[in-house]
Amino acid sequence: MAYERYLFQFGDFVFPMKYIKWDSYDNAPGQRQSLDAYTDENGVTHDNALEHSKTEIKFITLPMWQRNWEVLMWNMVRNYINFSARDAMCVYFDFETCQYKTGHFYFDKSFRASANEINGKLRYNEATWTFIEY
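Basis of the calculations
- Residues numbered from 1 in each chain as written.
- Predicted model: local features only at pLDDT ≥ 70, side-chain atom pairs only at ≥ 80, totals over all residues.
- Heavy atoms only, no water.
- Helix = DSSP H or I, 4+ residues; strand = E, 2+ residues; numbered from the N terminus.
- Rg over C-alpha atoms; globule rule 2.2 N^0.38 Å.
- Buried < 20%, exposed > 50% of the residue type's maximum accessible area, 1.4 Å probe, protein only.
- Contact = heavy atoms within 4.5 Å.
- Areas by Shrake-Rupley, 256 points an atom, 1.4 Å probe, with all protein chains shown as cover.
- Lys, Arg positive; Asp, Glu negative; His and termini not counted.
- Charge placed at Lys NZ, Arg CZ, Asp CG, Glu CD.
- 1 Å grid on protein atoms, 1.4 Å probe; cavity = no way out; pocket = protein on both sides within 12 Å on 5 of 7 lines; lining within 4 Å.
- Points joined across faces, edges and corners; volume = space filled by probe spheres on them.
- Nonpolar A, V, L, I, M, F, W, Y, C, P; charged D, E, K, R; others polar.
- Salt bridge = Lys/Arg side-chain N within 4 Å of Asp/Glu carboxyl O.
- Expected span 1.5 Å × (residues − 1).
- Arc of directions from axis to C-beta.

1. Some points on the overall build of the protein chain
(1) Moving on: A tally of helices and strands in the protein chain yields one helix and twelve strands.
(2) Moving on: For the protein chain, the α and β elements follow one another from N to C terminus as β-β-β-β-β-β-β-α-β-β-β-β-β.
(3) Moving on: A globule of 134 residues ought to have a C-alpha radius of gyration of about 14 Å, yet the protein chain, at 18 Å, is considerably larger.
(4) Moving on: Taken along its principal axes, the extent of the C-alpha atoms in the protein chain is 65 × 35 × 30 Å.
(5) Moving on: Looking at the protein chain residue by residue over its 134 residues, the buried ones come to 34%.
(6) Moving on: Long-range pairs, those at least 24 residues apart, make up 65% of the contacts in the protein chain with a sequence separation of at least 6.
(7) Moving on: Of the roughly 8500 Å² of accessible surface on the protein chain, 50% is carried by carbon and sulfur atoms.
(8) Moving on: Placing the 14 positive and 18 negative side-chain charges of the protein chain at their respective mean positions leaves the two points 12 Å apart.

What follows is the structure, given as structure tokens:
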């Protein structure tokens, strides 16, 4: 499927491109996983690659006013499958295959938000969003 004017969808929420900082969207598709990989006495690595691979999506949002921030966060939270896990079924554009893929991702706990008060309103600063596939 060709590019359809979005890069990431969390549940049914398509993340608006207008909030994603130019040149910040990064995906690391198909990160392989191994089971019981080891290096033998001759220094040869024996890798038991698993069929399932993981993808990591990362991007930065632009500064925005509180109202816009609340809409983003409301859409994120309402799509959680499990609130404690902060997870959802996601769709992302894979730069390696140039197509959309679907996976079960969680919203990384490293997420931090900061804001400043300007004339009685909150203005959120840039924030880095990371999503990791199960």
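Still to come is the rest of the account.
2. A closer look at the layout of surface pockets
(1) Moving on: Of the voids in this model, the largest pocket is the one considered here, and its volume is about 150 Å³.
(2) Moving on: Lining the largest pocket are Leu7, Met17, Ile20, Lys21, Trp22, Asp23, Ser24 and Tyr25.
(3) Moving on: Of the residues assigned to the lining of the largest pocket, the class counts are five nonpolar, one polar and two charged.

3. Observations regarding the pattern of salt bridges
Pairing between side chains becomes possible if they bear opposite charge and their charged atoms approach one another.
(1) Moving on: Tallied over the full model, the rule gives three salt bridges.
(2) Moving on: When the shortest N-O distance is used, the salt bridge between Asp12 and Arg78 registers 2.9 Å. Taken together, the residues Asp12 in the loop between strand 1 (8-10) and strand 2 (13-14) and Arg78 in helix 1 (residues 66-78) connect sequence positions 66 residues apart.
(3) Moving on: The class of Asp12 is partly exposed, set by a relative accessible area of 48%.
(4) Moving on: Note that Lys101 is salt-bridged to Asp94, the shortest N-O span being 3.0 Å.

4. Notes on unusual backbone geometry
(1) Moving on: Backbone geometry at Arg5 places phi at a positive 75°, although glycine is not the residue there.
(2) Moving on: One can find Arg5 in the segment before strand 1.
(3) Moving on: Judged by its relative accessible area of 71%, Arg5 falls in the exposed class.
(4) Moving on: Of note in the backbone geometry, Asn119 takes a positive phi value of approximately 50° without being a glycine.
(5) Moving on: Here Asn119 lies in the loop between strand 10 (115-118) and strand 11 (121-124).
(6) Moving on: On the basis of relative accessibility, which here comes to 76%, the residue Asn119 falls in the exposed class.

5. Some thoughts on helix 1
(1) Moving on: Compared with an ideal rise of 1.5 Å per residue, which puts 13 residues at 18 Å, helix 1 spans 18 Å between its outermost C-alpha atoms and is within 8% of the ideal.
(2) Moving on: When helix 1 is considered as a whole, its buried residues turn out to be Trp69, Leu72, Met73, Asn75 and Met76. Along helix 1, the residues classed as buried sweep out an arc of 160° about the axis, all on the same side. For helix 1, the exposed residues set more than 90 degrees away from the buried face come down to Arg67 and Trp74.

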